[in-house]
Structure formats: C-alpha cells, structure tokens
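# Residue-level structure breakdown
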Amino acid sequence: MRTILTTVGTSLLNNAKRDLKVEEVNEHELANYLRHTKPERASAETNSLSRILREDDRIIFLHSQTEEGKFCAQALERHYRSQGYDTAWREVPDLTYAENRFKMRGLRSLVATMIDLIRQESRHRREVLINATGGFKAEIAYATLVGLLFDVPVYYIHEAFRDIIQMPPAPIGWDYSLLADHEEFFEWINSDLRGTADVDARLRGLPQEVRLLLVEEEGYAFLSPAGEAFYEAYKEQLKQAEGVPVYLSSKARETHEAAPPDVRRLFDRAINKLRSRELRIGQSDRVRNSDCLVFPRGHRDERVFYFEEGKAIYVCELARHSDKSYEQLIACGVRREAYRDFQRWEGQ
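Heads up: these notes are all about the structure in this document. Values in this document were obtained by computation on a predicted structure and should not be read as measured data.

Before going further, it helps to examine the sheet that holds strand 4 (residues 127-131). The strand order across the open sheet built from six strands is 3-2-1-4-5-6, with neighbouring strands paired in mixed fashion. Sheet topology places strand 3 (86-91) and strand 6 (164-167) at the edges, where each strand pairs with a single neighbour. Averaged over neighbouring strand pairs, the angle between their axes works out to 20° when direction is ignored. Pairing between strand 2 (residues 58-63) and strand 3: six bridges, direction parallel. In the sheet register, Leu62 faces strand 3, and the bridge partner there is Arg90. On top of the sheet, helix 4 (residues 44-52) reaches strand 1 (2-8), strand 2, strand 4, strand 5 (154-157) and strand 6; it is set at about 160° to strand 1, its chief contact. Docked against the sheet, helix 7 (residues 137-149) engages strand 1, strand 4, strand 5 and strand 6, running at close to 155° with respect to strand 5.

The following block contains the structure:
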C-alpha cells in the first residue's frame, strides 16, 4: 500500500482555459475537461501520476493557500476519487504568491506539512512517495530535501525531456552533530515565536552554521525551510532509536542520582542521543587509559564512558569537564571489567 503526496499548481486550470478557449472555467467544466483529456496533456499532476500511479494507491493533493490552487486540488481529488482511488487534499498555510511570505513561511510550512504526512502515513504502514511536479519550482527542491532526509523517493517531470525523474532515497547517513551539539537552542527557537534580538543573544558563541539554518521576518527569527527539515529529521533519528537498550553501572547511577536536576537533565539528553547509531559514530572518541568510548566529543560539559555489546549500550561512567571528574577518570583509567551491576536506564 502506497501514499503519493502530490504538490498541486495551476496548470490544470491554465490548460483547461487554453484548450476550451475561455476566460473562466467552472467546476463542472473542469471535471469534464479532466474526463476527456489525456492525462499527459491535462496537467502537470495528471501527467506525472499517469507514470507512477498504481491501482491501490492513496493520493493526497497538497495545494497553496490560494483560490486557484484549492480549485485545482479539489478538482483533481474528485477526479481520482471517481476512478476508485482513496484521495484527500490539504492546504499548505502561507504558501501564496506573496514573495516574502512564500519564501519565509510558505516553504517552511510545506516542509512541515510533508513531514507530518510522512509520519502519519508511515504509522498506517503505507509506503510514501512524493510527486513534486506541480506547484512552484522551489517546491521541488524542498520536497527533494525532505525525501532524502526521510528516505522517501521523490518524482517529478523534467521540463526538457518530459520524462519522469526519480530521486530515490539516499543510502547514506546524515551528519546531525550540529543539531545534537546545540539541541537546546533548536528546541528553544522551535517551541515559540522568538524575537530577533533574543535569538541574536542566544547565538553568541554558537557556530556560524547554526545561523545558516535560520531566517528573519518582521523582527522575528525562526528555522528556515531547510532548518525545519533537518531539525525534524534529527528528532526522527532520536525517536527511531528509543528502543535501543541502555544499561548504567552502579557508579554511573550513583553519579546520575547525586547530580543537581539541571545536570541530571543534561546527562539524560546525552544518554538519549547515545542510542542513535549515527550520533555515536560521529561523536565518539577514544581516550587514554580507557577501553571505553567517550560521548560526545566537542565542547559539551557532560561526558559518557560507554561500550557496546550485542545490541545494547553499557555506560560505565558519567562525568563533567566543569567539576574535573572527566580529567580525573582519564588519569585513573576507565576499564570495562571494573564495572558490575548494570541496570537498565528507563530514559527521561
């Protein structure tokens, strides 16, 4: 079972006006046009769907926040429903012809809508495809980014060759270390509308790459469309890793329980991120006097000494730079055979 997320533009309406030689087209006329016109000619959406559609597919039409976009999406939804397909349509907020609103909010809203639908359809165990032929040209770029980050194939009709192009899921691991290192900032800016001055203050001391994932509008700053896609993909990585078992030694539990609440939360975040294989690979180091790996690398205060066995992760020690416990452990040595009584960590 598959679900095809199909972006919708206004080619159906424009083509119908052209072929029928009229200035305006009503709902009935548009329905007749779809019934009696070859899909390759009727619209960008019908053209691309004719190349990829299967009998039991579900189609969700995503349209801009415009009357023309809604008119076309609803006509397409009714047309394919009449042919026996499971169909729906959904408006993308702020996706309009107004340039600034489109650039700042519309594309970010498109990214958020697509990710929401991918998650929703995946929960129903449906394979998801993105058909990005219709709509604004910039939609193809961000639809492709979403597809790559969420392992969803993207299809569109190439203008020059008039043939279907598939961007398959990329079999690579993305580097989410920037988001992991500054998770608190991304969580903060995404949780509410933030003034540019407040954001600038929080950005002091953070890498320039963080700013590249933001946009500003009317005195506010928020995640760009690409920033939204990367942050949601990062959260998805953590969610998918939730089932990985983590065990804490008696010494690690003692350190965890003795820590102040704010420090304990930082340890919990680090252990939670440790479950993600991509983050472990990218952010673990070896240190002297230890046969354990240390996570994370970089400028974080908290440090986790761990090893892997089977599909489980075993945490021997929790330490911090600020209280010198990290340096003391390295000086004394951390050897996994010295640790016993591991118990499962239940998470945050």
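With that settled, the discussion passes to the pattern of salt bridges. Applying the stated criterion to the full structure yields 28 salt bridges. Here Asp116 ties to Arg90 by a salt bridge, and the two come within 2.9 Å at their closest N and O atoms. Separated by 26 residues along the polypeptide, Asp116 in helix 6 (residues 99-123) and Arg90 in strand 3 bring together distant segments of the chain. Residue classification places Asp116 among the partly exposed residues on the basis of a relative accessible area of 32%. Between Glu187 and Arg269 there is a salt bridge, with its nearest N and O atoms 2.7 Å apart. Placement of Glu187 in helix 9 (residues 183-191) and of Arg269 in helix 14 (residues 261-274) is noted, with a sequence separation of 82 residues between them. Assessed through its relative accessible area of 37%, Glu187 is described here as partly exposed. It is possible to trace a salt-bridge network through shared partners that takes in Arg58, Asp86, Glu121 and Arg126.

What follows concerns the nonpolar core. Core analysis: the largest hydrophobic core is formed by 59 residues, its most contacted members being Ile130, Phe185 and Val315. No other element matches helix 6, which puts seven residues into this core. Setting aside chain neighbours within four positions, we find Phe185 in contact with Val199, Arg202, Leu203, Leu206, Val210 and Leu214. In terms of nonpolar packing, the next biggest core, distinct from the first, is built from 22 residues, Val8, Phe61, Tyr85 and Leu129 among them.

Now for the side chain of Arg280. Within the secondary structure, Arg280 sits in helix 15 (residues 277-283). Overall, Arg280 belongs to the buried group, its relative accessible area being 10%. At 2.9 Å, the side chain of Arg280 forms a polar contact with the backbone oxygen of Leu274. Engagement of the side chain of Arg280 in a polar contact is seen with the backbone oxygen of Arg275, the distance being 2.8 Å. The residues touching Arg280, leaving out its near neighbours within four places in the chain, are Leu274, Arg275, Phe295, Tyr306, Glu308 and Ile313.

To continue, consider the sheet that holds strand 15 (residues 343-344). Pairing is mixed in the open sheet, where six strands are placed in the order 11-12-13-14-10-15. Strand pairing shows two members of the sheet lacking a second neighbour, strand 11 (285-286) and strand 15, which therefore form its edges. Bridge count between strand 10 (residues 246-248) and strand 15: two bridges; the pairing is antiparallel. Bridge pairing in strand 15 links Leu248 to Gln343. Contacts from helix 13 (residues 250-258) reach strand 10, strand 14 (312-320) and strand 15, with the element oriented near 50° to strand 14. Along the sheet, helix 16 (residues 325-332) contacts strand 12 (293-295), strand 13 (302-309) and strand 14; its crossing angle with strand 14, the most-contacted strand, is approximately 115°.

Before going further, it helps to examine the packing of aromatic side chains. Inspection of the entire model under this criterion finds eleven aromatic pairs. Relative to Tyr80, the ring of Phe61 has its centre 6.0 Å away and its plane inclined at 35°; by these criteria the two rings are tilted. Here Phe61 is found in strand 2, whereas its partner Tyr80 is found in helix 5 (residues 67-82), with 19 residues between them in sequence. Comparing Phe61 with Tyr80 shows no difference in burial state: the two are buried. Ring-pair connections join several aromatic residues into one group, and the members of that group are Phe185, Phe186, Trp188 and Tyr231. The aromatic ring of Trp188 is capped on one face by Arg202, whose charged end is 4.2 Å from the ring centroid.

Cut-off values and rules
- Residues numbered from 1 in each chain as written.
- Predicted model: local features only at pLDDT ≥ 70, side-chain atom pairs only at ≥ 80, totals over all residues.
- Heavy atoms only, no water.
- Pairing = 2+ DSSP bridges.
- Helix = DSSP H or I, 4+ residues; strand = E, 2+ residues; numbered from the N terminus.
- Axes fitted to C-alpha atoms, helices over the stretch in contact; angles between N-to-C directions.
- Contact = heavy atoms within 4.5 Å.
- Salt bridge = Lys/Arg side-chain N within 4 Å of Asp/Glu carboxyl O.
- Buried < 20%, exposed > 50% of the residue type's maximum accessible area, 1.4 Å probe, protein only.
- Core = buried A, V, L, I, M, F, W, Y, C linked by side-chain atoms within 4.5 Å.
- Polar contact = N/O pair within 3.5 Å; in protein donor to acceptor, adjacent residues only side chain to side chain.
- Phe/Tyr/Trp six-rings, centres within 6.5 Å; stacked < 30°, edge-to-face > 60°.
- Lys NZ or Arg CZ within 6 Å of the ring centre and 35° of its normal.

Purely geometric numbers; function is a separate question.
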